[in-house]
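Residues per chain are reported as follows:
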Amino acid sequence: MHPEPHDELRVASFRDLDTTTLYAILRLRVDVFVVEQECAYPELDGRDTEPGTRHLWFERDGAVRAYLRVLRDPDAERIGRVVTAKEARGTGLAGRLLTEALTVIGNRPAVLHAQAHLADYYARFGFARTGPEYLEDGIPHIPMAKPA
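Below is a short write-up of the structure. Not measured: the values here are computed from a predicted model.

1. Comments concerning the packing of aromatic side chains
Step number 1: Tallied over the full model, the rule gives 3 aromatic pairs.
Step number 2: With a centroid separation of 6.5 Å and 80 degrees between ring planes, the pair formed by Tyr122 and Phe127 is classed as edge-to-face. A single burial state applies to Tyr122 and to Phe127, both of which are buried.
Step number 3: Grouping aromatic residues by their ring pairs yields a cluster made of Tyr121, Tyr122, Phe125 and Phe127.

Okay, structure coming up:
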C-alpha cells in the first residue's frame, strides 16, 4: 500500500525561493491569470522581490498547486495573486493559504482586490467591501479590507 500524496505548505521570502520553485510559481500565475483568464498585463510587477513580501504556496511532488503572496504596504498587508492550479481547484487549498496568510499578517490590517465573483468567499475570512466595483484587465474587481 502506498501512502496518499499530500500538499505541503511552504512560506518564503523572495531571497529564499530556489529557481525551480520560483519558475513553478510564475508559471502557475501566468497560466491562470494571463492565459486562462486572457489578461495581458505585466505579471512581473517588481513587488515579488521586495524585502517584506512573503510567498505562500502548497506543493505536491514538486508541483506548485496553489499560491498567494503577502505584500507589505505602508498601512496594511496586501494579499494578492491568489491562484490555484486547475487540477487542484475545489480541494480547499486557497482557503488554507488564506488562513495561513492571515496568521502571517497577525494583528495588522489586510487588504485585497477580489475578483467580484469571489467577494463572498473572501468575506468568510473577515474581509469587507471598501469601495465600488471596478474593471481591471476586463475583469470586475472589488476592493476589500480586514481590520487589525
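2. Here's the deal with the pattern of salt bridges
Step number 1: Applying the stated criterion across every chain, the model contains 17 salt bridges.
Step number 2: A salt bridge links Asp7 to Arg65; the nearest nitrogen and oxygen atoms lie 2.4 Å apart. Taken together, the positions of Asp7 in the segment before strand S1 (8-12) and Arg65 in strand S3 (residues 63-72) put the pair 58 residues apart, joining distant regions of the chain.
Step number 3: A salt bridge links Glu8 to Arg10; the shortest N-O distance between them is 3.0 Å.

3. Thoughts on helix H1 (residues 19-36)
Step number 1: Spanning 18 residues, H1 covers 24 Å between terminal C-alpha atoms, matching the ideal 26 Å at 1.5 Å per step.
Step number 2: In the structure, H1 departs most strongly from a straight axis at Val30, where the bend amounts to approximately 30 degrees.
Step number 3: Elements that come into contact with the buried residues of H1 comprise strand S2 (54-60), S3 and strand S4 (77-84).
Step number 4: For H1, the side-chain oxygen to backbone nitrogen distance between the N-cap and Thr20 is 3.0 Å, and the N-cap itself is Asp18.

4. Some remarks on the environment of Leu17
Step number 1: Mapped onto the secondary structure, Leu17 falls in the loop between S1 and H1.
Step number 2: Overall, Leu17 belongs to the buried group, its relative accessible area being 11%.
Step number 3: Spatially, the C-alpha atoms of Leu17 and His55 are 8.6 Å apart, while their sequence positions differ by 38 residues.
Step number 4: Filtering out sequence-adjacent residues up to four positions away, Leu17 remains in contact with Ala12, Leu22, Ile25, His55 and Trp57.

5. Structural notes on the pairing of S3
On a regular strand, each side chain points to the face opposite its neighbour's, so the side chains alternate between the two faces of the sheet.
Step number 1: The buried count for S3 comes to 8 of 10 residues, which makes it a mostly enclosed element.
Step number 2: Sheet topology places S2 next to S3; 7 bridges connect them, and they run antiparallel. Bridge pairing in S3 links Trp57 to Tyr67.
Step number 3: Taking the residues that link successive antiparallel strands as the turn, the S2-S3 hairpin has 2 residues, and the phi of Asp61 there is positive, at about 50 degrees.
Step number 4: In the sheet, S3 pairs with S4 via 6 bridges, with the strands oriented antiparallel. Within the sheet, the bridge partner assigned to Ala66 lies in S4 and is Thr84.
Step number 5: Linking S3 to S4, which pair antiparallel, is a turn of 4 residues.

6. Section: a nonpolar patch on the surface
Step number 1: On the surface, Leu9, Val11 and Val104 cluster together into a nonpolar patch covering about 200 Å² of accessible area.
Step number 2: The class for Val11 is partly exposed, based on a relative accessible area of 40%.

Cut-off values and rules
Residues numbered from 1 in each chain as written. Predicted model: local features only at pLDDT ≥ 70, side-chain atom pairs only at ≥ 80, totals over all residues. Heavy atoms only, no water. Phe/Tyr/Trp six-rings, centres within 6.5 Å; stacked < 30°, edge-to-face > 60°. Buried < 20%, exposed > 50% of the residue type's maximum accessible area, 1.4 Å probe, protein only. Salt bridge = Lys/Arg side-chain N within 4 Å of Asp/Glu carboxyl O. Helix = DSSP H or I, 4+ residues; strand = E, 2+ residues; numbered from the N terminus. Expected span 1.5 Å × (residues − 1). Bend = angle between axes of the 7 residues up to and from the residue. Contact = heavy atoms within 4.5 Å. Polar contact = N/O pair within 3.5 Å; in protein donor to acceptor, adjacent residues only side chain to side chain. Pairing = 2+ DSSP bridges. Patch = residues over 30% accessible without salt bridge, like charges linked within 9 Å, V, L, I, M, F, W, Y side chains within 5 Å. Areas by Shrake-Rupley, 256 points an atom, 1.4 Å probe, with all protein chains shown as cover.

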